[in-house]
2 protein chains.
Amino acid sequence: MALIVQKYGGSSVADAKQIKSVARRIAATKATGNQVVVIVSAMGDTTDELIRLAYQVAKEPSTRELDVLLSTGEIVSSTLLAMALKSLGYGAISLSGAQAGIQTDAAYSRARILKVESERVVGELKKGNIVIVAGFQGITEEMDITTLGRGGSDTTAVALAASLGAEVCQLYTDVDGVYTADPHLVPGARPLAEIGYEEMLELASYGARVLHPRAVELGELYKIPILVASSFSDSPGTLIHGGVSMEVRNRVTSIAYDLNVAKLTVVGVPDRPGIAAAIFESLASAGISVDTIVQNASIEGITDLTFTVAKSDLRRAMGVVKPIADSIGARQCVSDAKLGKISIIGTGMQNTPGYAARMFSALSEKGINIQLITTSEIRITCIISEAKVEEAVRVLHRAFELEIAE
Amino acid sequence: MALIVQKYGGSSVADAKQIKSVARRIAATKATGNQVVVIVSAMGDTTDELIRLAYQVAKEPSTRELDVLLSTGEIVSSTLLAMALKSLGYGAISLSGAQAGIQTDAAYSRARILKVESERVVGELKKGNIVIVAGFQGITEEMDITTLGRGGSDTTAVALAASLGAEVCQLYTDVDGVYTADPHLVPGARPLAEIGYEEMLELASYGARVLHPRAVELGELYKIPILVASSFSDSPGTLIHGGVSMEVRNRVTSIAYDLNVAKLTVVGVPDRPGIAAAIFESLASAGISVDTIVQNASIEGITDLTFTVAKSDLRRAMGVVKPIADSIGARQCVSDAKLGKISIIGTGMQNTPGYAARMFSALSEKGINIQLITTSEIRITCIISEAKVEEAVRVLHRAFELEIAE
């Protein structure tokens, strides 16, 4: 008898009909002799509607109250799912995040899970119940409700799977799995059967948007295999696990992109120690995340410092950097907000020459100019013009022969 | 500095605009130097909508799950009210029934409060916060959510007021208070400035429907004055308290009525011990509440047994009584479903002759026939034809001069 943790996203439980359909899927898993714990998101647009209500009563709603408010969305869907399962003749019980022992810090709206006290869940499983847990929420030591922020329900699922020692954590959503590239851009894109945690992390942070990185990191840390699949079909989905990365496959798995990129260059910076630190510490204090950083080789003690930020942060970043640039006697600050990022992802790339060259030549053949390049062990990223990103995804998908199944 | 408990019903917090208006009322109470605890119902039709959802996913929703589902309605309104108060510059915090220490038995959908552990509420008051508590809900020893059934939020309010030793429990709703008679029937009806707990209990169970009897009983038991008033006006409302009953005022306070009355008569019953017991025990086992019971004086060892039940229970009551009537050799069972009940209510009536006579003559002057009469210390009730009830309310309101303010 295996213990399986499943999570169903908001689009999978958007109305009563879908909730009943999800209940039948869960029942089928239980009927094959497994113990089942289910994490569920709020129905469809519930969370957005609750946020809208909050902003109708207060200009800046208290985050403490907002978390309690939003937590009701998942409680509603969890009780409905438990009712649906019981009416199919299965023992089932809904638990709030608090009842399921999801203990977090008190950082409202983006709480981190500190530990999972899963006695109640284990007790209900022993009674033969299917346990439905409200996702996205937890409770502090002071018994106050928190929410986990983006990717919250995925994180609840993987954390519970880790705490219970589940065989697998299955995340059901409205996509068929992790694709070789965004299927909206690349008609030939296909779902991967499997992918390593680290490749998935690169994909997730570079725009695949199937699964939040924190859930993947938790899965990697506790070695929980994560299946991403659709609740609307019977396609097998993508299994994210550790086995893949261990054998270095030397292969590009997928193409990721991100349109939310702006570039800022401080021109004519004196090449002295401490100057870069002054700039990036000030940006960090202002809560601005810096992504790629490139410093050109210094010519006669003068260099250019280039970095990228999210487009929405560009104005604020300029406001932070300009006074520093002036004070150190830099020539000027220039920015470009019309950029995008394109990446090829796969294990073992850094040990195998040729990938970068193949990427660059595929892009240059199409006249796509590369502005910046960064690499990691399993990723090569080029910053290019925003207008060229979609074409670049298709070009690289073809160049690395991702249409053809492994 | 007084401690005031306020409760706002669902119609008082039906949308964002009303929630902001209620927040201003609460703020005004706080601003005069009081500590304030607020109990809030679910917004408008929320509870009905949640029940509808439940019946869409399950034919007979689990009561355990239904209670958790319904409890979210009051949590939503409590958080929104706390947000609105904070944005007015007042310290405020929302607490669920569980967080407020409302401990109940495990009778889902109609739980009774066992005790209130109000440490958290007291602690938040000490910090200067206005405490907003989600009404209608509690938690069992096993940490499962329950709801309190009809009149739940009123009961939460009075129970918290008792536990905290509040000066007064103010229940705000969409009516101006307790009237001398139903204002829809009697144009001259007016709100009472005050009324005794017991008079209010008679009124509540006899159809005033302003306030559930359980809340009144709790108020009487713990000597908590209860103000019933409108959140939509500044009218003073009705104060329900003990002082009124103590001085016997010998006065009719109000007229109550009830249209949900059916009469069942077992004709020709042998007047032997045990026969009435057999009939009423069987009705109780079937969950049928019996109201008025009248047994005529026995003639030659044969009597008639008449009692009233709710109209909706008449068919089932007949099914229970008929076999017993046959087995004891009664002549027949007859019923009348077209009846109503009309009552005059006031303290000290039983000690003062003349009230009953005045009531009967006022009714007979209008040709209204009285079928049954019952009395208590503070009430005289006549069962009359359903068609005559509205007229009777107006006749008695005039006969006892209730149009004229005290």
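Residues numbered from 1 in each chain as written. Chains lettered and ligands numbered in written order. Predicted model: local features only at pLDDT ≥ 70, side-chain atom pairs only at ≥ 80, totals over all residues.

1. Side note on the overall build of chain A
Broken down by element type, chain A carries 12 helices and 18 strands. Here chain A has a C-alpha radius of gyration of 24 Å; the compact-globule value for 406 residues is 22 Å, and the two agree. With the C-alpha coordinates aligned to their principal axes, the bounding extent of chain A is approximately 75 × 50 × 35 Å. Partitioning the contacts of chain A with sequence separation of at least 6, the portion at a separation of at least 24 is 74%. (Helix = DSSP H or I, 4+ residues; strand = E, 2+ residues; numbered from the N terminus. Rg over C-alpha atoms; globule rule 2.2 N^0.38 Å. Contact = placed C-beta atoms within 7 Å.)

2. Focus on the relation of the copies chain B and chain A
The two copies are related by a screw operation: chain B maps onto chain A through 179 degrees of rotation and 0.2 Å of translation along the axis, at an RMSD of 0.2 Å. Such a combination of turn and shift is consistent with a two-fold rotation axis. The rotation axis passes nearest to the C-alpha of Thr72 of chain B in chain B, at a distance of 2.7 Å. A share of 100% of interface residues in chain B that are also interface residues in chain A marks the association as one of identical surfaces. (Least-squares fit on C-alpha atoms with pLDDT ≥ 70 in both.)

3. Observations regarding the domain arrangement of chain A
The extent of an interface is frequently quoted as the accessible surface area lost upon association of the parts. According to the domain assignment, chain A consists of domain 1 (3-174) and domain 2 (255-399). If you average the C-alpha positions of domain 1 of chain A and of domain 2 of chain A, the two centres end up 39 Å apart. (Domains from an automatic or database assignment.)

4. Regarding the interface of chain B and chain A
Counting from both sides, the interface comprises 28 residues of chain B and, opposite them, 28 residues of chain A. Of all the elements in the fold, those that place two or more residues in the side of chain B that touches chain A are α1 (16-31), α2 (46-57) and α3 (63-87) of chain B. In terms of residues, the side of chain B that touches chain A owes the most to one element, α3 of chain B, which gives 13 residues.

5. Digging into the packing of helix α2 (residues 46-57) of chain A against α3 of chain B
How two helices sit against one another is set out by the angle between their axes and by the gap between those axes. In the contact formed by α2 of chain A and α3 of chain B, the axes pass within 8 Å of each other and the chain directions differ by 35 degrees. The hand of the α2 of chain A/α3 of chain B crossing is right-handed. Residues Leu53, Ala54 and Val57 of chain A of α2 of chain A pack against Leu80, Met83 and Ala84 of chain B of α3 of chain B. Taken together, the residues of the contact of α2 of chain A with α3 of chain B break down into 6 nonpolar, no polar and no charged. (Axes fitted to C-alpha atoms, helices over the stretch in contact; angles between N-to-C directions. Left-handed = near helix turned anticlockwise from the far one by under 90°. Nonpolar A, V, L, I, M, F, W, Y, C, P; charged D, E, K, R; others polar.)

6. Topic: unusual backbone geometry
The residue Phe136 of chain B is not glycine, and still its phi comes out positive at about 75 degrees. Residue placement: Phe136 of chain B occurs in the loop between β6 (130-134) and β7 (137-139).

7. Some points on helix α5 (residues 152-164) of chain A
Because an α-helix packs 3.6 residues into every turn, residues spaced three or four apart end up facing the same way. Residues and elements named next belong to chain A. In a regular helix each residue adds 1.5 Å, so 13 residues correspond to 18 Å; α5 covers 18 Å between its end C-alpha atoms and thus fits that length. In terms of residue burial, α5 counts as a mostly covered element, since 13 of its 13 residues are buried. After α5 finishes, the residue Gly165 shows a positive phi value of roughly 65 degrees. (Expected span 1.5 Å × (residues − 1). Buried ≥ 20, exposed ≤ 12 C-beta atoms within 10 Å, placed from the backbone.)

8. Section: the sheet that holds strand β17 (residues 370-376) of chain B
All names here are of chain B. Within the open sheet, the 6 strands sit side by side as β14-β15-β13-β16-β18-β17. Their pairing is antiparallel. The open sheet has two edge strands with one neighbour each: β14 (290-295) and β17. Sheet twist, expressed as the mean angle between neighbouring strand axes with direction ignored, is 30 degrees. Sheet topology note: the β17/strand β18 (residues 379-385) ladder contains 6 bridges and is antiparallel. From the neighbouring strand, Thr375 faces β18, where its bridge partner is Ile380. Those strands touched by helix α9 (residues 275-285) are β13 (254-270), β14 and β15 (302-309), and its axis lies near 165 degrees from that of β14. (Pairing = 2+ DSSP bridges.)

9. Side note on the pairing of strand β6 (residues 130-134) of chain A
Residue and element names in this part refer to chain A. Burial analysis of β6 places 5 of its 5 residues in the buried class, the great majority of the element. Judged by which residues are buried, β6 turns out to be covered on both faces: Ile130, Ile132 and Ala134 on one side and Val131 and Val133 on the other are all buried. In this sheet, β6 lies alongside strand β2 (residues 35-40) in parallel orientation, the contact comprising 4 bridges. Across the sheet, the residue bridging to Ile39 is Val133, located in β6. Looking at chain direction, strand β3 (residues 92-95) and β6 are connected through 4 bridges and run parallel. Directly across from Ser94, in β6, lies its bridge partner Ile132.

10. What about the pairing of β15 of chain B?
Successive side chains on a regular strand alternate, one facing one side of the sheet and the next facing the other. Residues and elements named next belong to chain B. Most of β15 is tucked away, with 6 of its 8 residues classed as buried. As judged from the 7 bridges shared by β13 and β15, these two strands associate in the antiparallel manner. Opposite Leu264, over in β15, you have Phe307 as the bridge partner. Two strands pair when backbone bridges link them, and β14 and β15 are joined in this way by 4 bridges, in the antiparallel orientation. Bridged to Val294 within β15 is Thr306.

11. Looking at the nonpolar core
Ranked by internal contacts, the top residues of the largest apolar core, which has 238 residues, are Val38, Leu81 and Leu160 of chain A together with Val38, Leu81 and Leu160 of chain B. Other than its neighbours up to four places away in sequence, Leu81 of chain A contacts Val13, Ile19, Val22, Ala23, Val38, Val40 and Ile132 of chain A. (Core = buried A, V, L, I, M, F, W, Y, C linked by C-beta atoms within 7 Å.)

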